[in-house]
Amino acid sequence: MNHSPDQTRVLVLNSGSSSVKYQLLDMTDGSRLAAGIVERVGEGEVPDHTAALDRVSGELSAQGLGLDSPALAAVGHRVVHGGTRFTEPTLITDDVLAEIEKLVPLAPLHNPANVTGVKVARTLRPDLPQVAVFDTAFHATMPEYAARYAIDVDTADRYGVRRYGFHGTSHAYVSRAVADLLGKDVTDLNTIVLHLGNGASASAVAGGVCVETSMGLTPLEGLVMGTRSGDLDPAAIFHLARVGGMSVDEIDALLNKHSGLIGLCGDNDMREIGRRMGEGDADAQLAFDVYVHRLRKYVGAYTAVLGRVDALAFTAGVGENSAAVREATLRGLGGLGMEVDTVRNALRGSGGRLISTERSAVAIAVVPTDEELEIATQTYRLVSAERPGTSER
Ligand code: AMP
């Protein structure tokens, strides 16, 4: 690839089934030059992803930052599922695209839209390097005994049934950011990361390497989420089919879209749940308690997995904003060396900050995640390494 060192910008595209989010970043300082979202893709004015990316292109051009800009070094695409095949950011070629398409059965809701986004972006700028950054990649280092489900090995391997984990770019970013906040090297730190957004997952990171995470074959496993159940006895599915007469698709929708907080109390927004709890609403209180109880189980489990925990980080919408969830999650965990300073915890702030007491053995932090910056950084590092004469390698 023939790039000059003044190609310092990366466009990050997150193509979902009904929306396309974009950010244009300047990699000399990680600053954001433009950001936006095209919603309701597939409806009326934006009939498909081609139309959506045309709109992104138009919005960028209107700011003098069009896709034809010579400063653009690459496009970084968020791709949800990399299977066992993709464990690193990967330069997209026809072969790579074909392999990502083969993974569609593992992520039928996400990968098709990701692939379409890549294809359209390639037609708009065929000469520009396009990089896929996988949500699963950071978890590829999990030991086999953590990635395996205890089911028949041949069946599992035939159908790719194993634990992959998701939100990897966020867990990677936050586990490094918490080390920066503490002024430590990430390789010296054992960290539990709690990514609590509408989707939620926990990870155990030992010396910068992911050793366990709560999501599995799909993003359904693990924590209680906005609309997903998280952990569940798999026999509940047989029961719902046999006794409840529900189809596989109906159970899929139940567990992914109508469960979690919304299933328990009708709201998936923690702000609204907090407001209702303040009014003494029992359903909202139960939803909160189930959510927090699950989190506490994972904190305990990951403490055992890591053996020694140096830091625990809260991130994403709930993790960054809900002092109540943070406080309830760690209440009474002094025995695990985790002690929240309730005053620090209640303070609002925008950057990374410590919320533990001085004597807490585990540093507890709130760290805003930045998946776009992480995707851009990984993308830029890859394309820079492939071209001579740049310092970024
Ligand atoms: P995310 O997926 O990271 O954008 O997180 C979205 C979720 O964050 C929302 O559904 C809310 O439950 C939660 N959230 C956002 N802001 C707040 C807040 N100020 N207090 C509590 N929860 C919040």
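Look up: the structure comes first, before these words.
Just so you know, these numbers come straight off a predicted model, no measurement behind them. Position labels on residues start from 1 in each chain and follow its written sequence. Local features are withheld for residues below a pLDDT of 70 in this predicted model, meaning they are given only at 70 or higher, and side-chain atom pairs are given and counted only at 80 or more; totals for whole chains, interfaces and linings count all residues. Values reported for side chains reflect all heavy atoms of the structure, with hydrogen atoms and water molecules removed beforehand.

**Points about the pattern of salt bridges**
Pairs may arise between side chains of opposite charge once their charged atoms sit close together. What makes a salt bridge here is a side-chain nitrogen of Lys or Arg within 4 Å of a carboxyl oxygen of Asp or Glu, nothing more. Taken as a whole, this structure holds 23 salt bridges when the rule is applied. Here Arg-32 makes a salt bridge to Asp-370, at a shortest N to O gap of 2.7 Å. Taken together, the residues Arg-32 in strand S3 (residues 31-38) and Asp-370 in the loop between strand S12 (363-366) and helix H15 (371-385) connect sequence positions 338 residues apart. Residue Arg-78 pairs with Asp-135 through a salt bridge whose shortest N-O separation is 2.7 Å. Of this pair, Arg-78 sits in strand S4 (residues 72-79) while Asp-135 sits in the loop between strand S6 (130-134) and helix H4 (144-147), and the two are 57 residues apart along the sequence. Each of the salt bridges in this network shares a partner with another, and the network as a whole consists of Glu-144, Arg-148, Asp-157 and Arg-162. Secondary structure follows DSSP: runs of H or I at least 4 residues long count as helices, runs of E at least 2 residues long count as strands, and numbering of each begins at the N terminus.

**Remarks on the environment of Ala-324**
Structurally, Ala-324 can be placed in helix H13 (residues 323-330). To sort residues, take the accessible area from a 1.4 Å probe on protein chains only and compare it with the maximum for the residue type: under 20% means buried, over 50% means exposed, and anything in between is partly exposed. For Ala-324, a relative accessible area of 45% translates into the label partly exposed. With 54 residues separating them in the primary sequence, Ala-324 and Met-270 have C-alpha atoms 9.7 Å apart.

**Quick word on helix H2 (residues 94-102)**
Those residues of H2 that sit buried are Val-96, Leu-97 and Ile-100. Down the axis, H2 shows its buried residues gathered within 100° of arc, on one side only. What points out from H2, more than 90 degrees from its buried face, is the exposed set Asp-94, Asp-95 and Lys-102. Regarding the arc, it is the one traced by the directions from the helix axis to the C-beta atoms.

**Digging into the nonpolar core**
What tends to happen in soluble globular proteins is that the nonpolar side chains get buried as a cluster. In this text, buried Ala, Val, Leu, Ile, Met, Phe, Trp, Tyr and Cys residues form a nonpolar core when linked through side-chain atoms within 4.5 Å. The biggest cluster of nonpolar side chains holds 42 residues, and the ones touching the most others in it are Leu-194, Leu-196, Tyr-291, Leu-312, Leu-330, Met-338 and Ile-364. Listed by contribution, the elements that provide at least two residues to this core are strand S7 (190-196), strand S8 (200-206), helix H9 (260-265), helix H10 (270-278), helix H11 (282-306), strand S10 (311-315), H13 and S12. By size, the runner-up hydrophobic cluster in this structure holds 26 residues, among which are Val-131, Ala-177, Leu-373 and Leu-382.

**A word on the pairing of S6**
In terms of residue burial, S6 counts as a mostly covered element, since 5 of its 5 residues are buried. Alternating residues of S6 divide into Gln-130, Ala-132 and Phe-134 and Val-131 and Val-133, and every residue in both groups is buried. Note: S4 against S6, 5 bridges, orientation parallel. Counterpart to Gly-76 in the pairing with S6 is Val-131. The rule for pairing is simple: two strands pair if DSSP sees at least two bridges between them. Bridging between strand S5 (residues 90-91) and S6 involves 2 bridges; their strand directions are antiparallel. Residue pairing across strands places Thr-90 opposite Ala-132, the latter belonging to S6.

**Overview of the site of the ligand**
What surrounds the ligand is the set Gly-197, Asn-198, Asn-268, Asp-269, Met-270, Arg-271, Ala-316, Gly-317, Val-318, Asn-321 and Ser-322. Residues adjacent in sequence count toward polar contacts only when both atoms are side-chain atoms; beyond that, a polar contact is any pair of N or O atoms within 3.5 Å, and within protein one must be able to donate a hydrogen and the other to accept it. A distance of 2.8 Å separates an oxygen atom of the ligand from a polar atom in the backbone of Met-270. Contact distances for the ligand include 3.4 Å between a nitrogen atom and a side-chain N or O atom of Arg-271. Burial of the ligand by the protein chains amounts to 69% of its free accessible area of 510 Å². Sorting the residues of the shell around the ligand by element identifies H10 and helix H12 (316-321) as the ones contributing at least two each. Among the elements that make up the shell around the ligand, the one with the highest residue count is H12 (4 residues). Any residue outside Ala, Val, Leu, Ile, Met, Phe, Trp, Tyr, Cys, Pro, Asp, Glu, Lys and Arg is labelled polar, Gly included; the first ten of those are nonpolar and the last four are charged. Of the residues in the shell around the ligand, the class split is 3 nonpolar, 6 polar and 2 charged. Consider each residue's heavy atoms; a residue with any of them within 4 Å of a molecule or strand counts as near. In this description, accessible areas are obtained by the Shrake-Rupley approach with a 1.4 Å probe, and a residue is regarded as covered only by the protein chains that are shown.

**Examining helix H8 (residues 248-257)**
Of all the positions in H8, only Ile-251, Leu-255 and Asn-256 are classed as buried. Mapping the buried residues of H8 onto a view down its axis gives an arc of 115°, with all of them on the same face. For H8, the exposed residues set more than 90 degrees away from the buried face come down to Asp-249 and Lys-257. Whether two residues touch is decided by their heavy atoms; if any such pair falls within 4.5 Å, the residues are in contact. Close packing links the buried residues of H8 with helix H7 (235-242).

**Some remarks on the packing of H10 against H11**
Where H10 meets H11, the closest approach of the two axes is 8 Å, and the angle between their N-to-C directions is 125°. Accordingly, the angle class assigned to the pair H10 and H11 is oblique. Note that H10 runs across H11; the crossing there is left-handed. Contacts between H10 and H11 involve Met-270, Ile-273, Arg-276 and Met-277 on the former and, on the latter, Asp-283, Ala-284, Gln-285, Phe-288 and Tyr-291. The residue inventory of the contact of H10 with H11, partitioned by class, reads 6 nonpolar, 1 polar and 2 charged. Here an axis means a line fitted to C-alpha atoms, over the contact stretch when the element is a helix, while the angle between two N-to-C directions is reported on a 0 to 180 degree scale. Every angle not falling under 35 degrees, over 145, or within 65 to 115 is termed oblique; those three ranges are roughly parallel, roughly antiparallel and roughly perpendicular. With the far helix as reference, a near helix turned anticlockwise by less than a right angle produces a left-handed crossing, and one turned clockwise produces a right-handed crossing.

**A few points about the packing of helix H6 (residues 168-182) against H15**
Where H6 contacts H15, the two axes come as close as 9 Å, and the packing angle between them is 90°. One way to sum up the angle between H6 and H15 is to call them roughly perpendicular. Here Thr-169, Ser-170, Ala-172, Tyr-173 and Arg-176 of H6 lie close against H15, whose contacting residues are Glu-371, Leu-373, Glu-374 and Ile-375. In the contact of H6 with H15, the residues fall into 4 nonpolar, 2 polar and 3 charged.

**What about the sheet that holds S6?**
One open sheet accounts for 6 strands, arranged S3-S2-S1-S4-S6-S5; its pairing is mixed. Two strands in the sheet have a free side with no partner beyond their single neighbour: S3 and S5. Pairing of strand S2 (residues 20-26) with S3, which is carried by 7 bridges, proceeds in the antiparallel orientation. Counted as the bridge partner of Tyr-22 is Gly-36 from S3.

**Brief notes about the sheet that holds S8**
If you walk across this open sheet you meet the 6 strands as S9-S8-S7-S10-S12-S11, and the pairing is mixed. One side of each edge strand has no neighbouring strand; the edge strands of this open sheet are strand S9 (209-213) and strand S11 (353-354). Along the sheet, H11 contacts S7, S8, S9 and S10; its crossing angle with S7, the most-contacted strand, is approximately 160°.

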